[in-house]
Amino acid sequence: MKNCEYQQIDPRALSVSPLSAQNPAEKKVQRPRRKWEAFPGKNRFFCDGRLILARQNGVLPLTLGLIVVTSGLFFAFDCPFLVEHLTVCIPVIGGVLFLFVVASLLRTSFTDPGILPRATADEAADIERQIDTSGSSTYRPPPRTKEILINQQVVKLKYCFTCKMFRPPRTSHCSLCDNCVERFDHHCPWVGNCVGKRNYRYFYSFIISLSFLTSFIFACVITHITLRSQAKKGIVQAVQSSLCTVVELVICFFSIWSILGLSGFHTYLVASNLTTNEDIKGSWSGKRGAEESGNPYTYSNIITNCCATLCGPMPPSLIDRRGFLPPDEAIPAAAASEMELPPFTPKSDANMV
Amino acid sequence: MAETHSLQDMRQQAAVAAKVFIQRDYSNGTMCQFQTKFPSELETKIDKQQFEETIRTLNNLYAEAEKLGSQSFIEGCLACLTAYTVFLCMETHYEKVLKKIAKYIQEQNDKIYAPRGLLLTDPIERGLRVIEITIYEDRSFSR
């Protein structure tokens, strides 16, 4: 008895147990699949669904490589000299910062940013029923919006054609990952993932700790070259004897500007409870005079905004990656997505009536 | 044989007549709250007071999960200090409340909704977007 679609369940069949005993034997031949294997977005999964990454993971290996190489050179070439001349705390502090940076980076990259699962077929049908179709003959209907009041301010919710639902406020659809992400900040190629509600605090701690690490290495390198040039009585000779230090200096010098700038920008965003997406689009400022009355999500208090964004409760992942797919649904999932396309053709009125 | 309306019998015997979706209520921001408006499809099935009581309790539970209190603050700081490795061995406050919610929904289904031919689906299974209420056709009497 092959169940390829939803069928009326025959009550007589359920009372016969030998038939149901045969099906598990058939099912055991096909290994039970986990939900991440049928995930519709453009993501990659590791460790059997425990870790998630964007498919275009951009320059994450480069980011990791730069951090590891620069820190490695620092520990190998600068630390011995500085421990001898200054204090043993230097490699200790450097080590702690390095570990924190790498941990935050990996946490940001491999955490689900707050992906919203796509609407089920029933939900999508229910929403379609509620929307007025004015019988337009264009292939793609005009963008559907819904206006709601949040804290006495009008906010427009847009309909997402890919995920088949009205996007909650502050949610945006990432075209690179093909997912709707809650409290979408931006898609970061350096980190290889979207930055959203669930991993913003890791991203923020990554850039803050990276600012400290780069500043720390930069300061140590300058100190190293200064001390060496005093000892050797000439900066050129000092530089010649420690070329790796110069490499570190160059890397740190160029990255420090961008990273400090980014940290400052994100500190401003955290303090005013904004996302990069909202800031770039100018959703709340520019339309009204004062910024406080613009953003309906702000608590109007910098400390509360910071606490809410960084120290708030950790929301759970809404996509159940490691759950098992029911064996019947593995096949209709493909059929259901094909069935969703017809509503957007001109014949949709006939289907819905 | 099937005199009692247990959930297992319901799902096997009855066909789905309709599904009602309770949408999210965003009037207070992005906090997880559901609309308490009583849907017209349920008018003949369940008492309005009971339905609103269920939704209100769920809303309170979600508010408790997302509350910015001292507990969440301490949890956040502890996590930051341990470079977020503490979550490998500890359950977050939100997850604990989600378990409470799952138990509450199970209990409501068993006591109130299943006897009336309804089934509440835990919103977490729908990405916290909707509360799905499945209305079953009343077939059990035909046996």
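About the thresholds
- Residues numbered from 1 in each chain as written.
- Chains lettered and ligands numbered in written order.
- Predicted model: local features only at pLDDT ≥ 70, side-chain atom pairs only at ≥ 80, totals over all residues.
- Heavy atoms only, no water.
- Helix = DSSP H or I, 4+ residues; strand = E, 2+ residues; numbered from the N terminus.
- Contact = heavy atoms within 4.5 Å.
- Buried area = accessible area lost by both parts, 1.4 Å probe.
- Salt bridge = Lys/Arg side-chain N within 4 Å of Asp/Glu carboxyl O.
- Nonpolar A, V, L, I, M, F, W, Y, C, P; charged D, E, K, R; others polar.
- Buried < 20%, exposed > 50% of the residue type's maximum accessible area, 1.4 Å probe, protein only.
- Pairing = 2+ DSSP bridges.
- Phe/Tyr/Trp six-rings, centres within 6.5 Å; stacked < 30°, edge-to-face > 60°.
- Expected span 1.5 Å × (residues − 1).
- Bend = angle between axes of the 7 residues up to and from the residue.
- UniProt positions renumbered as here; feature names shortened; annotations may be inferred.
- pLDDT = per-residue confidence, 0-100.
- Domains from an automatic or database assignment.
- Polar contact = N/O pair within 3.5 Å; in protein donor to acceptor, adjacent residues only side chain to side chain.
- Patch = residues over 30% accessible without salt bridge, like charges linked within 9 Å, V, L, I, M, F, W, Y side chains within 5 Å.
- Areas by Shrake-Rupley, 256 points an atom, 1.4 Å probe, with all protein chains shown as cover.
- Core = buried A, V, L, I, M, F, W, Y, C linked by side-chain atoms within 4.5 Å.

Trainee: Outline the overall build of chain A, listing residues and values.
Mentor: Looking only at helices and strands, chain A has twelve helices and ten strands in total. In chain A, the proportion of contacts linking residues at least 24 apart, taken out of those at least 6 apart, comes to 66%.

Trainee: If you had to explain the interface of chain A and chain B to someone new, which residues and values would you point to?
Mentor: Contacts between chain A and chain B engage 38 residues on the former and 33 residues on the latter. In total, about 3000 Å² of surface goes out of reach between chain A and chain B, with carbon and sulfur atoms giving 64% of it. Between Lys 19 of chain B and Asp 122 of chain A there is a salt bridge; the shortest N-O distance is 2.8 Å. Sorting the residues of the side of chain A that touches chain B by element identifies helix H4 (89–110), helix H5 (121–130), strand E4 (145–150), helix H6 (200–232) and helix H10 (302–310) of chain A as the ones contributing at least two each. Per element, the largest residue contribution to the side of chain A that touches chain B is four residues, and it comes from H5 of chain A. When its residues are assigned to classes, the side of chain A that touches chain B shows 26 nonpolar, five polar and seven charged.

Trainee: Run through the pairing of strand E1 (residues 43–46) of chain A, naming residues and quoting values.
Mentor: Here is the key point about a regular strand: its side chains alternate between the two faces of the sheet. All names here are of chain A. Of the two faces of E1, only the one carrying Asn 43 and Phe 45 is buried; Arg 44 and Phe 46 on the other face are not. In this structure, E1 lies alongside strand E2 (residues 51–54), joined through four bridges in antiparallel fashion. The residue of E2 that forms the bridge with Phe 46 is Leu 51. Joining the antiparallel neighbours E1 and E2 is a turn of four residues, in which Cys 47 adopts a positive phi near 55°.

Trainee: Please give an account of the environment of Gln 237 of chain A that cites residues and values.
Mentor: You can see Gln 237 of chain A is positioned in helix H7 (residues 235–241). It is 53 Å that separates the C-alpha atoms of Gln 237 of chain A and Arg 183 of chain A, two residues lying 54 residues apart in sequence.

Trainee: Can you lay out the packing of aromatic side chains for me, pointing to particular residues and giving the numbers?
Mentor: Residues and elements named next belong to chain A. Tallied over the full model, the rule gives 13 aromatic pairs over all chains. Taking the centre distance of 6.5 Å and the plane angle of 40° together, the rings of Tyr 200 and Phe 203 count as tilted. Of this pair, Tyr 200 and Phe 203 both sit in helix H6, three residues apart, which is roughly one turn of the helix. The exposure classification of Tyr 200 matches that of Phe 203, with both residues buried.

Trainee: Please set out helix H3 (residues 60–85) of chain A residue by residue, giving values where relevant.
Mentor: Residues and elements named next belong to chain A. Between its first and last C-alpha, H3 extends 36 Å over 26 residues, near the 38 Å set by a 1.5 Å rise per residue. The largest bend along H3 measures about 45° and falls at Asp 78, with the proline Pro 80 one to four residues further on. On its buried side, H3 packs onto E2, H4, H6 and helix H8 (243–271).

Trainee: Describe the pattern of salt bridges, with residues and values.
Mentor: A complete count under the given rule lists twelve salt bridges over all chains for this structure. Here Glu 132 of chain B ties to Lys 19 of chain B by a salt bridge, and the two come within 3.2 Å at their closest N and O atoms. Of this pair, Glu 132 of chain B sits in strand E3 (residues 131–136) while Lys 19 of chain B is found in strand E1 (residues 16–22), placing the two residues 113 residues apart along the sequence. In this structure Glu 132 of chain B comes out as buried when scored by relative accessible area, which is 2%. Ionic pairing is found between Arg 126 of chain B and Glu 132 of chain B, a salt bridge with its closest N-O pair at 2.6 Å. For the pair formed by Arg 126 of chain B and Glu 132 of chain B, the shared burial category is buried. The network of salt bridges with shared partners includes Asp 122 of chain A together with Lys 19, Arg 126 and Glu 132 of chain B.

Trainee: Got a sec to walk through the UniProt feature "transmembrane region" (unreviewed entry) in chain A? Specific residues and values, please.
Mentor: All names here are of chain A. Per the UniProt entry, the sites bearing "transmembrane region" (unreviewed entry) are residues 59–77, 83–106, 202–227 and 239–260 in this numbering. Note that residues 59–77 is 95% helix and 0% strand, and that its end C-alpha atoms are spaced 27 Å apart. As annotated, residues 239–260 comprises 95% helix and 0% strand, and the C-alpha atoms at either end are separated by 26 Å.

Trainee: Please set out the confidence of the model for chain B residue by residue, giving values where relevant.
Mentor: Residues and elements named next belong to chain B. For chain B, the average pLDDT comes to 82, and 85% of its residues sit at 70 or higher. Predicted confidence in chain B is weakest over helix H1 (residues 7–13), with a mean pLDDT of 57, and strongest over helix H2 (residues 48–65), with 91. Scoring the predicted complex yields pTM 0.79 and, for the interface, ipTM 0.81.

Trainee: Mind laying out the domain arrangement of chain A, listing which residues take part and the relevant values?
Mentor: Residue and element names in this part refer to chain A. Segmenting chain A into domains produces domain 1 (41–115 + 185–282 + 296–311) and domain 2 (117–167). Once you take the C-alpha centre of each, domain 1 and domain 2 turn out to be 40 Å apart. Of the roughly 380 Å² buried at the junction of domain 1 and domain 2 (both faces included), carbon and sulfur atoms supply 53%. When the area that domain 1 buries against domain 2 is broken down by residue, the three leading residues are Ile 115, Pro 296 and Tyr 297, summing to 86%. Here domain 1 and domain 2 share one residue pair in polar contact (both at pLDDT 80 or more) between them. Taken together, the residues of the side of domain 1 that touches domain 2 sort by class into three nonpolar, one polar and no charged.

Trainee: Outline a nonpolar patch on the surface, listing residues and values.
Mentor: A cluster of nonpolar residues, Val 250, Phe 253, Phe 254 and Trp 257 of chain A, forms a patch on the protein surface that exposes about 470 Å² of accessible area. Take Phe 254 of chain A: it is sitting in helix H8.

Trainee: Please provide a residue-by-residue account of the nonpolar core, values included.
Mentor: In terms of nonpolar packing, the biggest core is built from 42 residues, with Ile 67, Phe 74, Phe 203, Phe 206, Leu 210 and Leu 213 of chain A touching the most fellow members. Breaking this core down by element, the ones donating at least two residues are H3, H4, E4, strand E5 (153–160), H6 and H8 of chain A. Counting residues per element, this core draws most heavily on H6 of chain A, which supplies twelve residues. Both domain 1 (41–115 + 185–282 + 296–311) and domain 2 (117–167) of chain A contribute no fewer than three residues apiece to this core. Non-local contacts of Phe 74 of chain A, meaning those with residues more than four positions away in its chain, are made with Cys 79, Ile 90, Phe 216, Ile 217, Cys 220 and Glu 248 of chain A. By size, the runner-up hydrophobic cluster in this structure holds 39 residues, among which are Ile 22, Ile 46, Phe 51 and Ile 112 of chain B.

Trainee: So what's going on with the side chain of Thr 92 of chain B? Which residues, and what values?
Mentor: On the secondary structure map, Thr 92 of chain B appears in the loop between helix H3 (70–81) and helix H4 (93–113). Given the relative accessible area of 5%, Thr 92 of chain B is considered buried. Once residues within four sequence positions are removed from consideration, Thr 92 of chain B is found in contact with Met 314 of chain A together with Glu 75 and Phe 87 of chain B.

Trainee: If you had to explain the sheet that holds strand E7 (residues 172–174) of chain A to someone new, which residues and values would you point to?
Mentor: Strand pairing in a sheet takes place through backbone hydrogen bonds and is either antiparallel or parallel in direction. Residues and elements named next belong to chain A. Pairing is antiparallel across the open sheet formed by three strands, whose spatial order is E3-E8-E7. Pairing within the sheet leaves two strands with one partner each, and these edge strands are strand E3 (115–116) and E7. As judged from the three bridges shared by E7 and strand E8 (residues 179–181), these two strands associate in the antiparallel manner. Across the sheet, residue Cys 174 finds its bridge partner in E8, namely Asn 179.

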